[in-house]
Structure formats: structure tokens, C-alpha cells
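One-letter residues, chain by chain:
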Amino acid sequence: MRLSEKRAIVTGAAGDIGKAIMAAFLREGAQVIGMDHDRQGLTEAVAEVSVIAPERAGPPIVCDISRASDVQSAVAAAAQAMGGVDLLVNNAAAVSAHATVVDINLEDWDRALAVNLTGAMLLSREAIPHMRKAGGGVIINVASQLGQRARPGRAAYGATKAALIHLSRIMALDHAAEGIRVNSLSPGAIMTGRVERRYGGREAAEKALAPAHPLGRLGTADEIAAAALYLASEESAFMTGADLRLDGGFAA
């Protein structure tokens, strides 16, 4: 029960990683509210994990995190439902099409910035006042190995994730005196439904992505959730402004 009495918001909760993080936090004693723009996917994910601790699983909140008004009302609703906010996991992400800056659709570029970077800022802006009232808190920004190393054709996604890592460092400095820790978490290639759909199946995804990872495989959503749990708990109490890589050795 490492997160006993903690109150957590997890965005991108309809996806495999978000769902795994919600489940891990519920097992460790936290109250958890999941947010996503995908109403059906969010409802199904929350229903699945709520069996772990029905009394601590809050209502799903549909939210487009790129819209300031949506974020403001969503965080306010979450804080009211849980009695405050101690933990924020900015996990939602928009994955743009493979393209160079010459070829990318401007709408795709703007959407990546709005969700991956501005969305994390908006959520943090609304959650931090609640953390101040609680005497501290933890923000985890889920970035990517592509924020550490460049890959051809990933201009929008890579740039936003690199910016998110640096934003995490700045936020850590800005709010350390308030007892608010901010770290980023950079996964490598993780076997999720999104990855399987992109590559046409699990086997094709492994074949395409595993060779770039020295451990020779893709990671799992549960492995990312375990890392998020570490960052959220007192086990990482002396850690802020850091980027935790779970990338199978990719960046090395």
C-alpha cells in the first residue's frame, strides 16, 4: 500500500499504459481517476480496473487535454470527487504520422504540440494548486525514448517529447520548495494495442522494433506502470528533475 491515502489523476487512461498505471496505483492504495478523450475506451478501462478496489476507483472523466476549459473543469471535478489531488500522471499522447518538417500536415504538428506538451502544462497548472494545499505532490510526465534520440520522420512526436522532458526539469526546479516533485518517464517501444495496430500485429511489431533494443524485445505496459509507481511513491522521495528511461537499452 505504497500510495495509501494518495489521490491520483491518470490521463490517457483508455490506452494500455494508462490502464496499467491506474491498476498499479489502485493496488497500492490510491484513489484514482482516469481521463481520456475516448469516452468508450475510457469507460471500459475504468470498469476493468475498478474491480481491484471499487471504493477507490473514481468516475471516468472525458477530457480533451488540449483545451484549457476542458482541463480546468476536469481537474476541478476530479479534486472534488477525491477531496484533492496528490499525484498527476500526464500519460496522454498524440502520435503523429511519420513525416519530415517538409511533408508533415500542419494540423498533425499542431495536434502533437497541443496534446503532448501543452496538455501536460495545462493539467499541471490546474493540479499544482491542489498539491500545494495538500503540502506537496508528484507529477510524472510520460515522455519517450524518441525524446532522447532522433529518428527519421518523427519530427513532431520526437520534438514534443524532448520538450516535455525539459519542461519536467524546469517544473521540478520551480516547485521543489513546495514539496512537489516532477520527473519524466521515457519508455522504449512498448507492446500496446496502438503499436500492434500500427505494425499490423504483435509479430510484425516485434520484428520491426525489437532489434533496436539491446534486450531484444518490446517492453510491457505493466513494466511502465511499475516505474510510474516508483516515481509516485516515497521510494523516490529524493528524485526530482530526472528522466527515468525504460527503453531496453535503446538510448545506450
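The rules behind the values
- Residues numbered from 1 in each chain as written.
- Predicted model: local features only at pLDDT ≥ 70, side-chain atom pairs only at ≥ 80, totals over all residues.
- Heavy atoms only, no water.
- Pairing = 2+ DSSP bridges.
- Helix = DSSP H or I, 4+ residues; strand = E, 2+ residues; numbered from the N terminus.
- Expected span 1.5 Å × (residues − 1).
- Buried < 20%, exposed > 50% of the residue type's maximum accessible area, 1.4 Å probe, protein only.
- Contact = heavy atoms within 4.5 Å.
- Axes fitted to C-alpha atoms, helices over the stretch in contact; angles between N-to-C directions.
- Parallel < 35°, antiparallel > 145°, perpendicular 65-115°, else oblique.
- Left-handed = near helix turned anticlockwise from the far one by under 90°.
- Nonpolar A, V, L, I, M, F, W, Y, C, P; charged D, E, K, R; others polar.
- Salt bridge = Lys/Arg side-chain N within 4 Å of Asp/Glu carboxyl O.
- Core = buried A, V, L, I, M, F, W, Y, C linked by side-chain atoms within 4.5 Å.

Undergrad: Could you give an account of the sheet that holds strand 3 (residues 61–62), naming the residues involved and the relevant values?
TA: The strand order across the open sheet formed by seven strands is 3-2-1-4-5-6-7, and the pairing between neighbours is parallel. Each edge of the sheet is formed by a strand with only one pairing partner; in this case those strands are strand 3 and strand 7 (243–246). As paired strands, strand 1 (residues 7–11) and strand 2 (residues 31–36) are joined by five bridges and run parallel to one another. Residue pairing in the sheet places Thr-11 in a bridge with Met-35 of strand 2.

Undergrad: I'd like a description of helix 8 (residues 221–232), backed by residues and values.
TA: Taking 1.5 Å per residue as the helical rise, helix 8 with its twelve residues ought to reach 16 Å, and the 16 Å between its terminal C-alpha atoms agrees with that figure. Within helix 8, burial applies to Ala-221, Ile-224, Ala-225, Ala-227, Ala-228, Leu-229, Leu-231 and Ala-232. For helix 8, the secondary structure elements touched by its buried residues are helix 1 (16–27), strand 4 (87–90), strand 5 (137–142), strand 6 (180–187) and strand 7.

Undergrad: Run through the environment of Ile-140, naming residues and quoting values.
TA: Position of Ile-140 among the secondary structure elements: in strand 5. Overall, Ile-140 belongs to the buried group, its relative accessible area being 1%. Residues Ile-140 and Ser-184, 44 residues apart in the sequence, show an inter-C-alpha distance of 5.5 Å. When neighbours within four sequence positions are excluded, Ile-140 is seen to be in contact with Leu-88, Val-89, Asn-90, Asn-183, Leu-185, Ala-228, Leu-231 and Ala-232.

Undergrad: I'd like to hear about the packing of helix 1 against helix 2 (residues 39–50), residue by residue, with values.
TA: Closest axis-to-axis distance for the helix 1/helix 2 pair is 10 Å, and the angle between their directions is 30°. The pairing of helix 1 with helix 2 is recorded here as roughly parallel in orientation. Handedness of the helix 1/helix 2 crossing: right-handed. Mapping the contact onto sequence places Lys-19, Met-22, Ala-23 and Leu-26 in helix 1 and Ala-45, Val-46, Glu-48 and Val-49 in helix 2. Each residue belonging to the contact of helix 1 with helix 2 can be placed in one class, and the counts come to six nonpolar, no polar and two charged.

Undergrad: Please set out the environment of Ile-65 residue by residue, giving values where relevant.
TA: By secondary structure assignment, the location of Ile-65 is in the loop between strand 3 and helix 3 (68–82). Considered as a pair, Ile-65 and Val-115 are 50 residues apart in the sequence and their alpha carbons are 6.3 Å apart. Excluding residues that lie within four positions of it along the chain, Ile-65 makes contacts with Val-71, Ala-92, Ala-114, Val-115, Gly-119, Leu-122 and Leu-123.

Undergrad: Please provide a residue-by-residue account of the pattern of salt bridges, values included.
TA: Here the idea is simple: oppositely charged side chains can pair when their charged atoms come close. Evaluated as defined, the whole model comprises eleven salt bridges. The salt bridge partner of Glu-196 is Arg-202, with a shortest N-O separation of 3.2 Å. A network of salt bridges, in which partner residues are shared, links Arg-2, Glu-28 and Glu-235.

Undergrad: Describe unusual backbone geometry, naming the residues involved and giving the relevant values.
TA: A positive phi angle, close to 70°, is found at Glu-5, a residue other than glycine. Within the secondary structure, Glu-5 is located in the segment before strand 1.

Undergrad: Go over the nonpolar core with me, naming the residues and quoting the values.
TA: If you look at the biggest cluster of nonpolar residues, it comprises 35 residues, and the most contacted ones within it are Ile-21, Met-22, Phe-25, Val-32 and Ile-140. Elements with a minimum of two residues in this core: strand 1, helix 1, helix 2, strand 4, strand 5 and helix 8. Excluding its chain neighbours within four sequence positions, the residues that come into contact with Phe-25 are Leu-3, Ala-8, Val-10, Ala-30, Val-32, Arg-56, Leu-87, Val-89, Ala-228, Leu-229 and Ala-232. Grouped together as the second largest cluster of nonpolar side chains are 27 residues, Ile-33, Met-82, Leu-123 and Ile-139 included.

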